[in-house]
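Chain and residue survey
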Amino acid sequence: MPVISSHCFANHRGGVGKTTLTYQVSAAYAAAHPECKVLVIDTTESGDLSEMLMGGLYEKRGRETLRNLIPVANVTQMFLRALVAATCTSLTDVLKADEEKEDGSHNVLVNVVDNMPLTKESAENSPLEKVKAMKSIDIEEFAIPLEQVNPRVPTNMYLCPSGIDLEHSIAFSDTQRQDIMAVLLDSFQNATEIWKVFIDTDTGLHGETGSYAAIGLGIADFLCIPLHPDMSDWYGAEVLLHDVQMLHDFDESHAQVHLVLWNGLNVQFKQSCEMNIDGKSQCSFIPTRAEQDIIQTLGNLVYEEAQRLPDLFLSYNGAKTTPEEFSKNTSTCMRDFGVIGVASKDVGVPIACLKPGVFHGVHMTYNLNNDTIQHSRENLENVVKAIDEADTMKSPNKRCKQHLEILKARRLERRLGVRQHLKHKSSSSPKKKKKVAGPGPSSSKDITSVMYKTYALRNKYSLRSRAEKMRAKLFLDFMDTSSTSTVNAA
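The structure contained in this document is the topic of the report that follows. (Residues numbered from 1 in each chain as written. Predicted model: local features only at pLDDT ≥ 70, side-chain atom pairs only at ≥ 80, totals over all residues. Heavy atoms only, no water.)

For the coordinates displayed, the defined rule picks out 11 salt bridges. Between Lys-37 and Glu-140 there is a salt bridge whose closest N-O contact spans 3.1 Å. A residue pair is termed long-range when its members are at least 10 positions apart, and Lys-37 in strand β2 (residues 37-42) and Glu-140 in the loop between α8 (128-132) and β3 (144-145) qualify at 103 residues. For Glu-51, the salt bridge goes to Arg-63, with nearest N and O atoms at 3.5 Å. With Glu-51 in helix α2 (residues 48-53) and Arg-63 in helix α3 (residues 61-69), this residue pair connects regions lying 12 residues apart in the sequence. Assessed through its relative accessible area of 35%, Arg-63 is described here as partly exposed. A single salt-bridge network, built from bridges that share partners, covers Lys-37, Glu-140 and Glu-193. (Salt bridge = Lys/Arg side-chain N within 4 Å of Asp/Glu carboxyl O. Helix = DSSP H or I, 4+ residues; strand = E, 2+ residues; numbered from the N terminus. Buried < 20%, exposed > 50% of the residue type's maximum accessible area, 1.4 Å probe, protein only.)

Encoded structure:
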């Protein structure tokens, strides 16, 4: 039974609620679907999501549990295991075979040579099955059953915790990232049980941990973009959309934007919901008038991006999709959880599992009543319903299989030593792909460095680099002036 689908929470701006909403929505989904296993993959450097799911902030329960369990399973181990699985032969198995031999022969060297790219002539005489061979991994091997470490979460929740830090993070290359994504997608397709996957990511696709976020976007079926009704948050989301489109152009992602989550909204006093789609409520409250105006303005910007990048949005079906229809199908309002949200993260109990009563946190005691819990829970249930509708209306497995076939074909061509240029999808593509000569079928530059140029243009150059550039310009001006005066003197 393949994975139902995978939702990735992403935005290129920090503090918008990616981790919080991954925590709350994944738990709400698990509570509503006890028949399936819910896997949460934490690809962030800080590991805040892992800490919350493993016991919360109180008495550092989550942090201590995370430190103890990281050697058992973490996201870096899963990516490395996927990379090993993509190379046909495990180096560990080869080393064991060497130890068993009396002469300590050259099995390691032989296997390394065997797995190197073949020339076109030698590939013709090599069994194609050997070249195509790629093992799947058991995703449950890297999934820690949370009920064993935190009984306050749904019993069907599993976590692949963060295993990243600046000292031990791995900057995977383009081809390594493609192989990892291919193995993980293949493993999702070959899963023997019903799984649902949620992924938390860091901001941006550059820097030390950028490849982790790129892999998270590469294996996701749908994107959820949290942002506050604030122009600064929209700038981060706008860059994210263009980066994901670039991943699409390089065939490194098949994810579509499913939901734009307007997060941290205030609630009008004594107001009920009037936003309905086909009789089903998309919002359990009405935001303040000022927030409604900002959301409408930003919603129009999202619609304009959908017109420019039509394949990137799940609910955009061309010119026949009106702005109102698009907004209703894409936008979801998320209330400010307030003290409920703070208590939930502090004590390690998701809102879906909270009960009225007194809870002791790090610095304060929380007295939670049923009404406030129920309002927040209804808001999360609406998001879960939207996720269910997306899984029912659109078949993510078809897009996932197509993406997997492309990654497998690339890997096969690399193994055969074939050099090809990137092909344009169509002349009408919003962004033309550049053909760059180089090894491998993708012939790509370092796509991370390409995407870095699109991120945070206002921070493109540091003060030091700006000063160096200015010094060089002044030097060139001086040389031009000196040469001119010399000529005139002659």
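Additional details are given in the paragraphs that follow.
Looking now at the sheet that holds strand β6 (residues 222-227). Two orientations exist for strands paired in a sheet by backbone hydrogen bonds: parallel and antiparallel. One open sheet holds the eight strands; their spatial order is β3-β4-β2-β5-β1-β6-β7-β10, and the pairing between them is mixed. The sheet is open, and its two borders are formed by β3 and β10 (331-335), each paired with just one other strand. Against the sheet, helix α13 (residues 323-330) touches β7 (256-265) and β10, its axis set at about 45 degrees to β10. (Pairing = 2+ DSSP bridges. Contact = heavy atoms within 4.5 Å. Axes fitted to C-alpha atoms, helices over the stretch in contact; angles between N-to-C directions.)

A word on the pairing of strand β4 (residues 157-160). Here β4 shows two buried faces, one formed by Met-157 and Leu-159 and the other by Tyr-158 and Cys-160. Sheet analysis places β2 next to β4, joined by four bridges and oriented parallel. Pairing of Ile-41 across the sheet is with Cys-160, part of β4. Bridge analysis of β3 against β4 gives two bridges, and the strand direction is antiparallel. Looking at the pairing, Pro-145 lines up with Tyr-158 of β4.

Attention now goes to the pairing of strand β5 (residues 195-200). As a general feature of sheets, a regular strand has side chains that alternate between the two faces. When you tally the buried positions in β5, you get six out of six residues, the bulk of the element. Residues Trp-195, Val-197 and Ile-199 point to one face of β5 and Lys-196, Phe-198 and Asp-200 to the other, with burial holding for every one of them. Of the strand pairs in this sheet, strand β1 (residues 6-9) and β5 are connected by four bridges, and their pairing is parallel. Within β5, the position partnered with Ser-6 by the bridge is Val-197.

Inspection of the entire model under this criterion finds nine aromatic pairs. Between Phe-79 and Tyr-212, the aromatic rings sit 5.6 Å apart at their centres with planes inclined by 45 degrees, giving tilted as the arrangement. You can see Phe-79 sitting in helix α4 (residues 75-85) and its partner Tyr-212 sitting in helix α10 (residues 210-218), a full 133 residues away along the chain. Grouping residues by exposure puts Phe-79 and Tyr-212 together as buried. An aromatic cluster of three or more residues is present, and its members are Tyr-303, Phe-313, Tyr-316 and Phe-326. Positioned above the aromatic ring of Phe-198, the side-chain terminus of Lys-196 is 5.4 Å from the ring centre. (Phe/Tyr/Trp six-rings, centres within 6.5 Å; stacked < 30°, edge-to-face > 60°. Lys NZ or Arg CZ within 6 Å of the ring centre and 35° of its normal.)

Spanning 20 residues, helix α12 (residues 289-308) covers 29 Å between terminal C-alpha atoms, matching the ideal 28 Å at 1.5 Å per step. Of all the positions in α12, only Glu-291, Ile-295, Leu-298, Gly-299, Val-302, Tyr-303, Glu-305 and Ala-306 are classed as buried. For α12, the arc enclosing every buried residue in end-on projection is 160 degrees, short of the 170-degree limit, so these residues lie on one face. Opposite the buried face of α12, at more than 90 degrees from it, the exposed residues are Arg-289 and Gln-296. (Expected span 1.5 Å × (residues − 1). Arc of directions from axis to C-beta.)

The next subject is the nonpolar core. Ranked by internal contacts, the top residues of the largest apolar core, which has 67 residues, are Ile-41, Met-78, Phe-79, Leu-184, Leu-217, Ile-219 and Phe-313. Here this core gets seven residues from one element, more than from any other, and that element is helix α9 (residues 174-189). Beyond its immediate chain neighbours, meaning those up to four positions away, Ile-219 contacts Ser-6, Ile-41, Met-181, Leu-184, Leu-185, Phe-188, Ile-199 and His-254. One finds Ala-27, Ala-28, Leu-69 and Tyr-366 within the second-largest nonpolar core, a separate group that totals 44 residues. (Core = buried A, V, L, I, M, F, W, Y, C linked by side-chain atoms within 4.5 Å.)

Time to look at the packing of α9 against α10. Axis separation between α9 and α10 bottoms out at 10 Å; the angle between their running directions is 40 degrees. Here α10 runs oblique to α9, going by the angle between their axes. The hand of the α9/α10 crossing is right-handed. Across from Arg-177, Ile-180, Met-181, Leu-184 and Leu-185 in α9, the residues of α10 making contact are Ser-211, Ala-214, Ile-215 and Gly-218. Grouping the amino acids of the contact of α9 with α10 by side-chain chemistry returns six nonpolar, two polar and one charged. (Parallel < 35°, antiparallel > 145°, perpendicular 65-115°, else oblique. Left-handed = near helix turned anticlockwise from the far one by under 90°. Nonpolar A, V, L, I, M, F, W, Y, C, P; charged D, E, K, R; others polar.)

It is worth spelling out the environment of Phe-337 at this point. With respect to the secondary-structure elements, Phe-337 resides in the loop between β10 and α14 (338-347). Residues Phe-337 and Gly-264 lie 73 residues apart in sequence; the distance between their C-alpha atoms is 7.2 Å.

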